[in-house]
Amino acid sequence: MSTTATPKGAAGLRAKDAKPVSAKGGGLAGWVDDRTGAAKPLSYLLKKVFPDHWSFMLGEIAMFSLVILLLTGTFLTFWFVPSAGEVIYNGSYVPLKGIAMSEAFRSTVDISFDVRGGLIMRQIHHWAALMFTVSITVHMFRVFFTGAFRKPREINWVIGTVLSLLAINEGFTGYSLPDDLLSGTGLRAAEGFMQSVPVVGSYLAYAIFGGAFPGEAIIPRLYTTHVLLLPAIIVGLFTAHIVLVAVHKHTQYPGPGKTNDNVVGYPMMPVYMAKAGGFFFIVFGITTLMAALVTINPIWLYGPYDPSPVTAGSQPDWYMGFADGALRMFPGFFEFTVFGFTLSLNVFIPSLVVMPLLYGIAGAYPFIESWVTGDKREHHLLDRPRNAPARTGLGVMAISFYLILFFAAGDDLMAIKLGLSVNDILRAFQILLIVVPPLAYWVTKRICLSLQRRDRDLALHGRETGRLVRTAEGKFFEVHQPLPEHELWALVQHESGKPLQLTATVDANGVRRPGAFKERLRGKVSSFYFADSVDPVTPAELAAAHHDGAAHEAIEAPQEDAGQWVGQLHGGADERPETDAYAPHEHQHDHDHEVDPDPTTAR
Amino acid sequence: MEPTGAERDRPGTALGLDQGRTEGEGRMPERFADPGLPPHVSRSADLGEHAARRAERQVAALFGISMVATVIFLVAYFAIDQNTYRFVPGIGQANLSNIVLGVTLGLSLLCIGLGAVHWAKTLMPDTEVTEARHPQRSSDDARAEAVETIMAGADASQLARRPLIKYMLGGALGLFALPLGLQLAGSLGPLPQAELSTTFWRKGMRLVRDPELTPIKASDVTIGSVFHVMPEGIDKSHDFLEEKGKAAVLLMRLNPDDIKIAKERDWGHDGIVAYSKICTHVGCPVGLYEQQTHHLLCPCHQSTFDVTEDCKVIFGPAHRPLPQLKITVDAEGYLVADSAFREAVGPSFWERG
Ligand code: HEM
Ligand code: FES
């Protein structure tokens, strides 16, 4: 933004750069750099540091699956014919010979049987789609549970949510293309969803299908959506996603030497490049092996689409399962007739409202959490899930809700496998959908809290050595070895949240302050998040714990000298009551936490 | 809301709402100090050339396997016929070409990947590097400069001084998308006509078997049997699939005494009743008939309709009963429609009434 720069003469312009490039970096690279100045950004990129952790590979799996999808998808376009035009099959798959079908179906069967290596491409494409959606979902979980969505990464979280929504729709448009019996039935249902939209439903359905179902327009339209529209948006957003990861620099798990102001890991060149590049080939290789060995979507067995035959036990691809489950569970009495108009909420809500609603909540979560916690700082160190019990609980609650919807989509299969009535299974799912999520929240939060207490215990009292010692009075103790400082750090580095407190809801004259309701709500939610938070051990507490163990230290003294059993004793009959560990010690900071509604007395 | 004494005594109690969660300044309890990065632990390949050599050979071998697999792929592409089926243990009868091509391609890719990762893990440096982070926000100066540039630009364009331009530009930009939107929305599809509420069925049309399209005599329909039915002449229809999707009908014969609804009996013939096969939920073909209970089950989301009670919904997410087709017999004893469907078949929509 150098609006003040003075123009230089042509000769003086960038005199330094214009010099012939030195011996190093001449040749083609020099030629390119002369024209682009790419050397500087390139070396910046090659030196970029990436932290290493298995959970960071989940996003990579998504990225690589996307590449595989683009690659194999392009192959498929060379043979697939996106047309509903009717033809009679005469290819090499004998059972279908002489049967009327659409060109779309015939070309898909041809890819499977008459294009050499076509089947493997089709199967890689479908397996990669499943891999893509699974890895996005699990990647999303990892980002959620570690708090990686916090400032400054909220935008990337929102981009991610949109990507995930687009990905499942990309999947749906993809498996609807072959026009087989299953996908046609799926489209039939999709048309039903559109019809259920209040007021404009039938117009919407006619617009999208270009007239009555099935019509000839839907397959070409799905095709454009699947190979052009959605991929372009996905690739665009994905690029933004990755650029933001680079701009923010990847988060890292807490550990010794890892701070909020640094990033510790391996440089792009060569280590990360070899690992990530190698990992691409591993993902591609495994996907290909699955495609070689496990048949997926054998459309030739389903046959071409025809609106009247029955398709028992038809299941959508997994990522549409939750919507299907919602559709099964939503009771029919939500359909009303008002003033001669039909309001089919029993279809509209589960099919067209649930999905955007769930994704909307997911997208909004970072903003909700930062409003609740009042935390506006940048976070580059990840949370261990246990150290954010409420968030972890909410996440598991959401997952349990999703899973129940998902499994409900298989109620008919379960009924057959288990020999139960579908009705009973569905009822059970309806009840579970209401009961399980809050329970999952509660249980998860309890587990987190007890894990945190265990961490405290470990930090305070060290690790059990399994060595029992008998005191002079005849009591038994197990020798505990204090943690080395690098290990201790992992247990004490975090901060625990504190509930926000209302300053005052009324002003000096007893008049309600504007926004008081919102603040009270915020205070309530905040204490929901943090009321029972467990604090990490402080140095003072550790010192106190050591001090409590002093009674037995005399016994240990000789060994301490020997440098073998450094530590204090703890355990046995003399174990301190657990609550004691959390009892207030000397808290010289107490007054600092006090909130005085009267500002005149503060400090 | 003053914190109670107990609250105040707990380590680190509530903060003021207006304070947020600021750290430092002595508000949080005293904390441990970061001990810094742990010392580097050397790998065997760092220590001895022998181990390094072994790693080198392993990496090279993996790349070698990849090349071999690629060559086999190239050969198999030509050598194995597309439609050769072989028994493969664990899979069963399988397309040989697909398996060989897939496995060799997969191995060729996988081994490149494993080789590269193994190389990185054993031979490339594994000392961690630290890079500093900087706050994401720009400096105040940079921000101020950006604002200034924008304001200066706006000033230079005289946007603020000439509101007429501002409003007219706003109007033009606001409207220009309309033609694009209108073209799309207006031309995507025809407006739904009566089509959605009508089917191919007309009074006097024979009921024919689907897919054979042969007419059905009343005497052919025995108790407990179920027929998948289409209207006669549907195969001549211009919009065959569209018509089929609406006209599909199920024909069943019940003991007339089992039929609990008078209208159902009247619209049938001697216990033979015809109902739309298109589910009133989202339109799957309903097709599982339980003879004992006279229930129809939709395979898509398990809506269950009771044929003895005019196909009302007894379970599942559908709400409306399946529409009944009024039938009778013609002079030759064949079943015919006595009327078209009297209501729209299939999924609900706003104006169906
Ligand atoms: C098209 C699908 C997606 C692709 C290809 C993708 C890819 C990636 C990759 C390669 C990374 C860096 C490595 C990692 O942390 O795993 C990343 C980071 C990230 N992703 Fe995604 N992702 C996708 C979807 C999502 C979704 C659905 C979300 C959440 C709603 C999300 C949120 C994030 C965030 C917040 C980061 C930064 C994480 C950090 O720095 O710790 N992404 N993504
Ligand atoms: S379409 Fe029949 S139950 Fe959903």
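Structure first, text after, so check above.
I will try to describe carefully the structure that is included in this document. Just so it is clear, the model here is predicted, and its values are computed rather than measured. (Residues numbered from 1 in each chain as written. Chains lettered and ligands numbered in written order. Predicted model: local features only at pLDDT ≥ 70, side-chain atom pairs only at ≥ 80, totals over all residues. Heavy atoms only, no water.)

Moving on: the interface of chain B and chain A. Counting residues at the interface gives 118 residues for chain B and 143 residues for chain A. Approximately 11,300 Å² of surface area, both sides summed, lies buried where chain B meets chain A, with 60% of it carried by carbon and sulfur atoms. Taken together, the connections running from chain B to chain A amount to three salt bridges. Its salt-bridge partner being D306 of chain A, residue K244 of chain B comes within 2.6 Å of it at the nearest N-O pair. Put simply, the parts of the chain that give the side of chain B that touches chain A at least two residues each are α1 (5–9), β1 (15–16), α3 (49–79), α4 (96–122), β4 (129–132), α5 (140–157), β6 (226–231) and α7 (240–247) of chain B. The element contributing the most residues to the side of chain B that touches chain A is α4 of chain B, with 17 residues. Here the residues of the side of chain B that touches chain A sort into 59 nonpolar, 31 polar and 28 charged. Where strand β4 (residues 262–267) of chain A and β4 of chain B come together, four bridges link them in antiparallel fashion. Across the sheet, residue G265 of chain A finds its bridge partner in β4 of chain B, namely V129 of chain B. (Contact = heavy atoms within 4.5 Å. Buried area = accessible area lost by both parts, 1.4 Å probe. Salt bridge = Lys/Arg side-chain N within 4 Å of Asp/Glu carboxyl O. Helix = DSSP H or I, 4+ residues; strand = E, 2+ residues; numbered from the N terminus. Nonpolar A, V, L, I, M, F, W, Y, C, P; charged D, E, K, R; others polar. Pairing = 2+ DSSP bridges.)

Attention now moves to the nonpolar core. Among the nonpolar cores identified, the biggest contains 78 residues, and I68, F132, I168, F193, M320, M329 and M355 of chain A are the most heavily contacted of them. Among the elements that line this core, the one with the most residues is helix α6 (residues 118–145) of chain A, at nine residues. With residues near it in sequence (within four places) discarded, F193 of chain A still touches L327, V347, S351 and L352 of chain A together with V282 of chain B. One finds W201, V208, A247 and I278 of chain B within the second-largest nonpolar core, a separate group that totals 25 residues. (Core = buried A, V, L, I, M, F, W, Y, C linked by side-chain atoms within 4.5 Å. Buried < 20%, exposed > 50% of the residue type's maximum accessible area, 1.4 Å probe, protein only.)

Residue and element names in this part refer to chain B. As summarised here, the arrangement of the four strands in space is β9-β10-β11-β12, forming an open sheet in which the pairing is antiparallel. At either end of the open sheet lies a strand with only one pairing partner, and these are β9 (288–290) and β12 (312–315). For this sheet, the mean angle separating the axes of adjacent strands, direction not counted, is 35°. (Axes fitted to C-alpha atoms, helices over the stretch in contact; angles between N-to-C directions.)

This part covers a nonpolar patch on the surface. Residue and element names in this part refer to chain A. A contiguous nonpolar surface patch, about 700 Å² in accessible area, is contributed by I431, I434, V435, L439, W442, V443 and I447. By secondary structure assignment, the location of V443 is in helix α17 (residues 422–461). A relative accessible area of 36% means that V443 is categorised as partly exposed. (Patch = residues over 30% accessible without salt bridge, like charges linked within 9 Å, V, L, I, M, F, W, Y side chains within 5 Å. Areas by Shrake-Rupley, 256 points an atom, 1.4 Å probe, with all protein chains shown as cover.)

This part is about the site of ligand 1. Residues and elements named next belong to chain A. As a matter of local geometry, ligand 1 sits amid 25 residues, with H139, R142, H241, H250 and T251 nearest to it. Within the side chain of H241, a nitrogen or oxygen atom sits 2.6 Å from a nitrogen atom of ligand 1. One of the side-chain N or O atoms of H250 is found 2.6 Å from an oxygen atom in ligand 1. Listed by contribution, the elements that provide at least two residues to the shell around ligand 1 are α4 (57–77), α6, α7 (154–176) and α10 (218–248). Considered class by class, the residues forming the shell around ligand 1 number 13 nonpolar, nine polar and three charged. (Near = heavy atom within 4 Å. Polar contact = N/O pair within 3.5 Å; in protein donor to acceptor, adjacent residues only side chain to side chain.)

Quick look at the coordination of the iron atom of ligand 1 now. Residues and elements named next belong to chain A. At 2.0 to 2.1 Å from the iron atom of ligand 1 lie its protein donor atoms, namely H139 (NE2) and H241 (NE2). In this structure, the iron atom of ligand 1 is surrounded by six donor atoms whose angles at the metal cover 80 to 179°, and the resulting shape is octahedral. Residue H139 is found in helix α6, and its partner H241 is found in helix α10; the two are separated by 102 residues along the sequence. Take H139: its relative accessible area is 19%, and that puts it in the buried class. A relative accessible area of 15% means that H241 is categorised as buried. (Donors = N, O, S within 2.8 Å, 3.2 Å for Na, K, Ca; no water. Tetrahedral: all angles 85-135°; square planar, octahedral: opposite > 155°, others 65-115°.)

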